[in-house]
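# Coordinate inspection notes
As a plain string of letters, each chain reads:
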Amino acid sequence: MSTIVDFIIFPFTSLFSLGKGSKTFERFIEASYEIGVNSLPIIIVISFFLGLVTTVQSFYQISNMLPKYFLGLTVGRMIMIELGPVLAAMTVTARCVSAMAAEIGTMKITEQIDALKVMKINPQNYLAKPRILAMLVTLPCLNAVTIVVSMLSGAIFSQIFFSINVNTFFYGLTHPFHPIDFWSSFIKSIFFAFWISSAGIYYGFQTTGGAKEVGQSATKSVVLSIALILVFDFIAAIILF
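Residues numbered from 1 in each chain as written. Predicted model: local features only at pLDDT ≥ 70, side-chain atom pairs only at ≥ 80, totals over all residues. Heavy atoms only, no water.

### Considerations on the overall build of the chain
The secondary structure content of the chain amounts to nine helices and zero strands. Secondary structure elements of the chain, listed N to C terminal, follow the sequence α-α-α-α-α-α-α-α-α. Here the chain, with 241 residues, has 45% of them falling under the buried criterion. In the chain, the share of contacts with a sequence separation of at least 24, taken over all contacts with a separation of at least 6, comes to 86%. (Helix = DSSP H or I, 4+ residues; strand = E, 2+ residues; numbered from the N terminus. Buried < 20%, exposed > 50% of the residue type's maximum accessible area, 1.4 Å probe, protein only. Contact = heavy atoms within 4.5 Å.)

### Concerning the packing of helix 3 (residues 40–62) against helix 4 (residues 70–109)
Relative to each other, helix 3 and helix 4 sit at 145°, their axes nearing to 9 Å. The interaxial crossing formed by helix 3 with helix 4 has right-handed handedness. Contacts from Ile42, Ile43, Ile46, Leu50, Gly51, Thr54, Thr55, Ser58, Phe59 and Ile62 in helix 3 reach Phe70, Leu71, Thr74, Val75, Met78, Ile79, Leu83, Leu87, Ala88, Thr91 and Arg95 in helix 4. Taken together, the residues that form the contact of helix 3 with helix 4 break down as 14 nonpolar, six polar and one charged. (Axes fitted to C-alpha atoms, helices over the stretch in contact; angles between N-to-C directions. Left-handed = near helix turned anticlockwise from the far one by under 90°. Nonpolar A, V, L, I, M, F, W, Y, C, P; charged D, E, K, R; others polar.)

### Remarks on helix 6 (residues 123–161)
In this model, helix 6 (39 residues) spans 54 Å end to end at C-alpha, consistent with the 57 Å of a helix rising 1.5 Å per residue. Remark: the principal bend of helix 6, roughly 30°, maps to Lys129, with a proline, Pro130, within the next four residues. Capping of helix 6 at its N-terminal end is provided by Asn122; its side-chain oxygen lies 3.0 Å from the backbone amide nitrogen of Gln124. In the stretch just after helix 6, Ser163 is the one whose phi turns positive, near 55°. (Expected span 1.5 Å × (residues − 1). Bend = angle between axes of the 7 residues up to and from the residue. Polar contact = N/O pair within 3.5 Å; in protein donor to acceptor, adjacent residues only side chain to side chain.)

### Observations concerning the pattern of salt bridges
Throughout the structure, instances matching the rule amount to five salt bridges. Across the pair Glu82 and Lys188 runs a salt bridge whose closest N-O atoms are separated by 3.4 Å. Of this pair, Glu82 sits in helix 4 while Lys188 sits in helix 8 (residues 179–205), and the two are 106 residues apart along the sequence. With a relative accessible area of 2%, Lys188 lands in the buried category. Taken together, the shared-partner salt bridges connect Glu82, Lys188 and Asp233 into one network. (Salt bridge = Lys/Arg side-chain N within 4 Å of Asp/Glu carboxyl O.)

### Considerations on the confidence of the model for the chain
Looking at the chain as a whole, the pLDDT averages 89, with 98% of positions reaching at least 70. Taking the mean pLDDT of every element in the chain, the minimum, 83, falls on helix 7 (residues 166–174) and the maximum, 93, on helix 6. (pLDDT = per-residue confidence, 0-100.)

### Concerning unusual backbone geometry
Generally, phi is negative for residues other than glycine and the peptide bonds are trans, each holding for most cases. The backbone of Lys120 shows a phi angle near 60°, a positive value even though the residue is not glycine. Here Lys120 shows up in the loop between helix 5 (112–118) and helix 6. Since its relative accessible area comes to 79%, Lys120 is described here as exposed.

### Details of the nonpolar core
Within soluble globular proteins, side chains that are nonpolar tend to cluster in buried spots. Grouped together as the largest cluster of nonpolar side chains are 35 residues, with contacts concentrated most on Ile35, Val92, Met135, Leu139, Ile196, Ile201 and Phe205. Elements represented by at least two residues in this core include exactly helix 1 (2–15), helix 2 (21–37), helix 4, helix 5, helix 6, helix 8 and helix 9 (211–240). Setting aside anything within four residues of it in sequence, one finds Val92 in contact with Ile35, Val97, Met135, Leu139, Leu142 and Ile196. By size, the runner-up hydrophobic cluster in this structure holds 14 residues, among which are Ile62, Leu71, Val75 and Ala155. (Core = buried A, V, L, I, M, F, W, Y, C linked by side-chain atoms within 4.5 Å.)

### Description of the environment of Phe234
Mapped onto the fold, Phe234 is located in helix 9. On the basis of relative accessible area, Phe234 is assigned to the exposed category, the value being 54%. With 169 residues separating them along the chain, Phe234 and Met65 place their C-alpha atoms 30 Å apart.

### Side note on the packing of helix 6 against helix 8
With their axes 8 Å apart at the nearest point, helix 6 and helix 8 run at an angle of 145° to one another. Regarding helix 6 and helix 8, the two cross each other, and that crossing is right-handed. Among the residues making up the contact of helix 6 with helix 8, the classes are represented as 18 nonpolar, six polar and one charged.

Structure below.
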């Protein structure tokens with residue numbers, strides 16, 4: 001129970017930790033580049049195929065039963081409300097959260113974190129705060145990229161293989177349009193960003209032992225992050241819809 005409480009408190013103590021602002025900002029920019037820019041290629045590839053798969057499955061469900069513009073409606077809502085934020089978060093989890101846990105865990109077992117304390121540098125302010133803030137900024141942006149690329153690939157695929165005009169596809173996407181469908185996607189991304197970054201950093205700080213324990217911390221951070229994504233996705237679905 002104490003471990004759960006420590007984990008819940010950890011990101012808040014990190015965000016409100018004190019230190020030199022310029023150093024925090026520099027680390028924030030570095031973390032944002034690593035999480036956001038370096039994740040773009042894999043996000044684009046996954047989003048492209050996400051749009052194709054969602055379009056094929058949606059067409060199978062509605063073919064010969066509903067007007068063609070319902071394909072855009074179905075694909076748009078599936079990606080915007082559910083698949084976009086969840087898959088973007090899981091992709092970042094696999095690529096970045098495990099790396100956070102491994103990097104900080106390695107610093108912990110090699111006593112680099114102790115060295116920061118000796119130099120009177122707050123480790124949470126120096127290592128945790130910039131990464132959490134960077135994730136809060138970059139994951140919603142990556143979610144937006146996921147949504148746009150998925151919908152474009154779905155629209156193009158439906159034009160080529162199902163003879164559904166792109167204009168018809170996007171008409172279904174916007175008629176009807178409910179603002180909550182759009183905002184819920186980014187609300188989810190913010191919650192996902194906060195807790196998955198916290199999971200990676202927390203397990204990094206908790207690492208003791210050697211190389212084996214660093215690997216275990218990375219694994220635990222990924223498992224916990226995926227579980228948190230699904231839990232918060234369920235909670236958001238109940239609250240928002």
